[in-house]
Amino acid sequence: ESKGMLWRNETERRLEKSKRVVANFIVGERFTGNEKTRKGNFEDLRSEFINNILESDFSLAIKGDGNFSIRFYEILSLGRIPIFVDTDSVLPLEDIIDYHDFIVRVDYREIRNIDKIVSDYYRSLSTDDFILKQKKAREVFESHLRVDRFFSHAFTSEFLKKYE
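Residues numbered from 1 in each chain as written. Predicted model: local features only at pLDDT ≥ 70, side-chain atom pairs only at ≥ 80, totals over all residues. Heavy atoms only, no water.

Visitor: I'd like a rundown of unusual backbone geometry, residues and numbers included.
Guide: A positive phi is found at Asp 88, a non-glycine position, where the angle reads about 60°. By the element assignment, Asp 88 lies in the loop between strand E2 (81–86) and strand E3 (104–107). On the accessibility criterion, Asp 88 (52% relative accessible area) is exposed. For Leu 93, which is not a glycine, the phi torsion comes out positive at approximately 60°. Examined against the element boundaries, Leu 93 turns out to sit in the loop between E2 and E3. With a relative accessible area of 5%, Leu 93 lands in the buried category. (Helix = DSSP H or I, 4+ residues; strand = E, 2+ residues; numbered from the N terminus. Buried < 20%, exposed > 50% of the residue type's maximum accessible area, 1.4 Å probe, protein only.)

The structure is reproduced here in structure tokens:
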């Protein structure tokens, strides 16, 4: 089992047992980008996956085998707030994007407190603030993180000089 799956399983377990949050997980290895491990029709599984994100106030984004999460971008693209379990990850364009404005970032060393962190975050927001954060997530995805927009940032001479 990969470290990403270990983090995901531990986080899901803690959130499902919590009395502070209501978990809405689709548990299992049904939907995956890997054709060999996918169990079921891709279109049906993808639809179920997207609907699950849309029906949730927050959605869990944990690294996979690499130290990144494709789900993070999928969540933002759907205008939802990711619970980003940070495993010493560097998010793209952090010098431009203030992720604090629209994600819940949980240090992996604080997994044992994830339900409290999420609950406290949620309770700190008014309904209007919550909706603004969802809109901000979608807006940042559209303006900076969608593939075409990201590359328009990444291929500037200023950006490339940082990584020479």
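Visitor: Can you break down the sheet that holds E3 residue by residue, with the values?
Guide: The 3 strands are arranged E1-E2-E3 in an open sheet whose pairing can be described as parallel. In the strand order of this sheet, the two ends are held by strand E1 (58–61) and E3, each with one partner. On average, each strand axis in the sheet is inclined to that of its neighbour by 25°, with strand direction left out of account. As paired elements, E1 and E2 share 4 bridges and run parallel to each other. In the strand pairing of E2, Leu 60 is matched with Ile 83. (Pairing = 2+ DSSP bridges. Axes fitted to C-alpha atoms, helices over the stretch in contact; angles between N-to-C directions.)

Visitor: Go over the confidence of the model for the protein, please, and point to the residues and values.
Guide: Confidence in the prediction for the protein averages 85 pLDDT; 85% of positions are at 70 or higher. Of all helices and strands in the protein, the one with the weakest mean pLDDT is helix H7 (residues 157–162) (72), whereas helix H5 (residues 127–145) scores best (97). (pLDDT = per-residue confidence, 0-100.)

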